[in-house]
Amino acid sequence: RFHYLGAGNSDGATESMTFDGLVADARAEASAVREDTGLPTVDFVGTRLGALVAAAAAADFPGGSLVLWEPPTDLGRYYNEVFRARMIGLLKRGERSAGGKDLMETFARDGVIDVVGNPLPHSLYETTIGLDIGDLLIAAGPRRVLAIQMSVKPEIRPGLTALIERCAGAGVHVEAKSVHYDEAWWFGASGYTFVEVESGALDAIPATIDALGTVAP
């Protein structure tokens, strides 16, 4: 794991982050790993929005496995959930929360909003809202792809099922695994101090480890 430029302990301005910038960072880190280790290929793991970054970066590293935790199959719905998380986080702190048009105007004006302690830059929103993870997976080419769904219900969601079928038609096989997870992530925080929550999400770790290093036939 690493910090993108503009995030965590890395240099750079958060408000200038873009999808292409994140992908470039991931590719640079993967190239450094390959050079330092001498490994022939590199595997990628991406969570939520990071799943799109992982899929895009993997195109430069054929043969490596790709593991996607909760990949967004509908960016509009994904961001609606993000904005809802922001609203709930503010309400828990006793603060008012703008929504709808007011929120988007504030977002565009300020250049960044806080989502439960995590900054979301408008530049990143603008450069990801129109993306399609299916396009990115198909462009990445044949490899082992494991998509992990975290949900109360074991049935694979329709959006993920449609993604699997679309990729299969383009010669890219995507496996899906559902692990039980009943904790909405924004409710796992009191203020901005996160608490440990027992969850079946840990079941995703063995599946991830099993997929890493597996080369698609």
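Residues numbered from 1 in each chain as written. Predicted model: local features only at pLDDT ≥ 70, side-chain atom pairs only at ≥ 80, totals over all residues. Heavy atoms only, no water.

A closer look at the sheet that holds strand E5 (residues 145-151)
Line of reasoning, step 1. Reading across the sheet, the four strands line up as E1-E2-E5-E6 and stay open at both edges, with parallel pairing between neighbours. Two strands in the sheet have a free side with no partner beyond their single neighbour: strand E1 (44-47) and strand E6 (174-180). Recorded for the sheet is a direction-independent mean angle of 15 degrees between the axes of neighbouring strands.
Line of reasoning, step 2. Here four bridges tie E1 to strand E2 (residues 66-69), and the two strands are oriented parallel to one another. Bridge pairing links Gly-46 to Leu-68 in E2. (Pairing = 2+ DSSP bridges. Helix = DSSP H or I, 4+ residues; strand = E, 2+ residues; numbered from the N terminus. Axes fitted to C-alpha atoms, helices over the stretch in contact; angles between N-to-C directions.)

A few points about the nonpolar core
Line of reasoning, step 1. Within the largest apolar cluster, 44 residues are counted, with the highest numbers of intra-cluster contacts made by Phe-44, Leu-66, Leu-68, Tyr-79, Phe-83, Leu-120 and Leu-137.
Line of reasoning, step 2. Ranked by residues supplied to this core, first place goes to helix H2 (residues 49-58) with nine residues.
Line of reasoning, step 3. Residues within four places of Tyr-79 in sequence aside, it is in contact with Leu-49, Leu-120, Leu-124, Tyr-125, Thr-128 and Ile-129.
Line of reasoning, step 4. Core analysis: the second largest hydrophobic core is formed by nine residues, Val-67, Trp-69, Val-179 and Ala-211 among them. (Core = buried A, V, L, I, M, F, W, Y, C linked by side-chain atoms within 4.5 Å. Buried < 20%, exposed > 50% of the residue type's maximum accessible area, 1.4 Å probe, protein only. Contact = heavy atoms within 4.5 Å.)

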